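Survey of secondary and tertiary structure
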Amino acid sequence: MPRRPATRPGPASGLTGGALPEQDAEGAKDAPRRPRASEEAAKVNRRRQRDASQVLQLVRFSGPISRTQLGRLTGLALSTVSAHIAELEAAGLVEEAGDGDSRGGRRPRLVRLREGGDVVLAVDLGSHHARLGVANRSGRLLKTVERSVLLENGPDVVLSEICDHLERLVDDLGGPRVTGIGMGLPGPVEPATGVVTSPSRMPGWHGATVVEALEARLRVPAAVDNDANLLALGEVRARPDEDLRHLITVKVGRGIGCGIISNGLLYRGAAGVAGDISHVRLPSLAPEEAKPCGCGNRGCLETVASGAALLEEVNAAGLNISSLAELVSSVHSGDPIANHAVRNAGRHLGEVLAVVVNFFNPQALLLGGMLANASPLVVAINAAIYELCFPVASRSAVITQTKAGPDAGLLGAAALVLDKVGELGVK
Ligand SMILES: [Zn+2]
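Residues numbered from 1 in each chain as written. Predicted model: local features only at pLDDT ≥ 70, side-chain atom pairs only at ≥ 80, totals over all residues.

**Quick word on the packing of helix 9 (residues 307-316) against helix 11 (residues 336-360)**
Counted only if it meets this: In this analysis an axis means a line fitted to C-alpha atoms, helices contributing only their contacting stretch, and an angle means the value between N-to-C directions, from 0 to 180 degrees. To qualify as a helix, a DSSP run of H or I must reach at least 4 residues; to qualify as a strand, a run of E must reach at least 2; elements of each kind are numbered from the N terminus. Take the far helix as your reference; a near helix turned counterclockwise from it by less than a right angle gives a left-handed crossing, and one turned clockwise gives a right-handed crossing. Each residue is represented by a C-beta atom placed from its backbone, and any two residues with such atoms within 7 Å are regarded as in contact. In this classification, Asp, Glu, Lys and Arg are treated as charged, Ala, Val, Leu, Ile, Met, Phe, Trp, Tyr, Cys and Pro as nonpolar, and every other residue, Gly included, as polar.
Where helix 9 meets helix 11, the closest approach of the two axes is 10 Å, and the angle between their N-to-C directions is 145°. When you trace helix 9 past helix 11, the crossing you get is right-handed. Facing helix 9, whose interface residues are Leu310, Glu313 and Val314, helix 11 presents Ile337, Ala338, Ala341, Val342 and Ala345. Looking at side-chain class alone, the contact of helix 9 with helix 11 contains seven nonpolar, no polar and one charged residues.

Right under this line is the structure:
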């Protein structure tokens, strides 16, 4: 699935916060030049914002927590942590949470996220359905529902329907104050403008200003990203104790997308399309097997391993299946056509993922999306990776399904907007 990231210049999204462009800029080794005072000040200010965001995220996911623990986890001086906590308290984002257990000295004062009853909305938009959720300020989902939508109806209709559903969902919870909305889209979003650009699986959405549309309708900050990125972010947030710092998630639905967490941060690449494996050409396909792809080439992974390609394949072979859920259930009830198609798709996916695992050396490769529920696909991916991968890389990578299941994308969408709202709050 082609993909580009978020929205407007916005929040850091990652395990420990910090915006990638800043990280890249600091890592760049330009020719030596004395920085101007204004550049220095801007750099200090960016670092301060990044540190504040990191402190807030740790309070969000590990609180109640003491300032000393925050200092140890961030590497910041205690005085710096205390200054950030004071600022976050003033912004109404964190609050004192009493005393913790003593370890011989004075009992440490703890801080936690201030709940206040505020919520954010989260949406994981697919081509035929949308998963919707309401999350509290810790990113925990309070309520989720799934609704049918048809992406091909275009952004005006679909976004309006989604907002109607969300408003009903908030009403069902007694009408808490909504402070933001995060949404995952199965297509590329221009990072600087928040505009959807040339999405192959979203006909009629080219040029759609999703962030603007959501903010205009719901009157809260919105953040939008590719759905595979949000799957990765959601999975990291769902496993706060596992220290997942080097992670690949693969979303196998009607399209194929890949999210990357590198050193604890969501990695989007220079143009925001890092991890797009759907148009990798499969070298193992014979010329007569290489079908034309929507991108103009032939024999792309998407043409043999995406849910859309599989539905086409099994229906051409005589089945009558209209959804991936039906396909997964046919696989598990032993249908030979469905099983053959899904195993073959897994083998091809595994060929490409073996290169990814060799190159990236992840701790874990997690499979999400509807087709990750088809066990023969997961088995075939595993087999291909173990056969084709450098053993040191494959041995160190756990290959399994996502833990958060269908909610991983929603958790990621909630985290994305919570980061944005948090950053807005501490500026
Ligand atoms: Zn292609």
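**Some details on the sheet that holds strand 2 (residues 94-99)**
Operational definition: Only strands joined by at least two bridges in the DSSP assignment are considered to pair.
Reading across from one edge, 1-3-2 is the order of the three strands in this open sheet, with antiparallel pairing throughout. Pairing within the sheet leaves two strands with one partner each, and these edge strands are strand 1 (65-66) and strand 2. Here four bridges tie strand 2 to strand 3 (residues 109-113), and the two strands are oriented antiparallel to one another. Across the sheet, residue glutamate 96 finds its bridge partner in strand 3, namely valine 111. Those strands touched by helix 2 (residues 37-62) are strand 1, strand 2 and strand 3, and its axis lies near 90° from that of strand 3.

**Quick word on helix 12 (residues 375-388)**
The following threshold applies: Working rule for helices: expected span equals 1.5 Å times residues minus one. Burial is judged by counting other C-beta atoms within 10 Å of a residue's own C-beta: 20 or more means buried, 12 or fewer means exposed, and anything between counts as partly exposed, with every C-beta placed from the backbone. Our arc is simply the arc of the directions from the helix axis toward the C-beta atoms.
If you check helix 12, its first and last C-alpha atoms are 20 Å apart, about what 14 residues at 1.5 Å a residue would give, namely 20 Å. Among the residues making up helix 12, those that are buried are Leu377, Val378, Ala380, Ile381 and Ile385. Viewed end-on, helix 12 has its buried residues packed into an arc of 165°, placing them on one side of the element. Looking at the buried side of helix 12, the elements it contacts are helix 11, strand 12 (364-368), helix 13 (391-395) and strand 13 (398-401).

**What about the nonpolar core?**
Applicable threshold: Definition of nonpolar core: a set of buried Ala, Val, Leu, Ile, Met, Phe, Trp, Tyr and Cys residues joined via C-beta atoms within 7 Å. The domain limits used here are those given by an automatic or database domain assignment.
Counting 98 residues, the largest nonpolar core has Val120, Met183, Val210, Leu353 and Ala414 as its most contacted members. A domain split of this core shows at least three residues from each of domain 2 (119-232 + 408-426) and domain 3 (241-402). Sequence-distant contacts of valine 120, defined by excluding residues within four places in its chain, comprise Ala135, Val178, Thr179, Gly180, Ile181, Gly182, Ala414, Val417, Leu418 and Val421. By size, the runner-up hydrophobic cluster in this structure holds 14 residues, among which are Leu58, Val59, Ile65 and Leu113.

**A short note on the sheet that holds strand 11 (residues 265-266)**
Reading across from one edge, 11-10-9-12-13 is the order of the five strands in this open sheet, with mixed pairing throughout. The outermost strands of the open sheet, each flanked by one partner alone, are strand 11 and strand 13. Pairing of strand 12 with strand 13, which is carried by four bridges, proceeds in the parallel orientation. Within the sheet, the bridge partner assigned to alanine 364 lies in strand 13 and is valine 398. Contacting strand 9 (246-252), strand 10 (256-262), strand 11 and strand 12, helix 7 (residues 227-238) runs over the sheet at an angle of about 45° to strand 10.

**Topic: the pairing of strand 3**
Bridging between strand 1 and strand 3 involves two bridges; their strand directions are antiparallel. In the strand pairing of strand 3, serine 66 is matched with leucine 110.

**Quick notes on unusual backbone geometry**
Unusually for a residue other than glycine, aspartate 243 sits at a positive phi of about 50°. Relative to the helices and strands, aspartate 243 is located in the loop between helix 7 and strand 9. If you check the backbone angles, asparagine 361 has positive phi at about 50° while not being a glycine. You can see asparagine 361 is positioned in the loop between helix 11 and strand 12. Look at asparagine 361 and you get partly exposed, because 15 C-beta atoms sit within 10 Å.

**Details of the confidence of the model for the protein chain**
The condition is simple: Residue-level confidence of the predictor is what pLDDT reports, using numbers from 0 through 100.
On average, residues of the protein chain score 83 in pLDDT, and 88% of them are at 70 or above. The least confident element of the protein chain is helix 1 (residues 20-27), whose mean pLDDT is 33; the most confident is helix 11, at 96.

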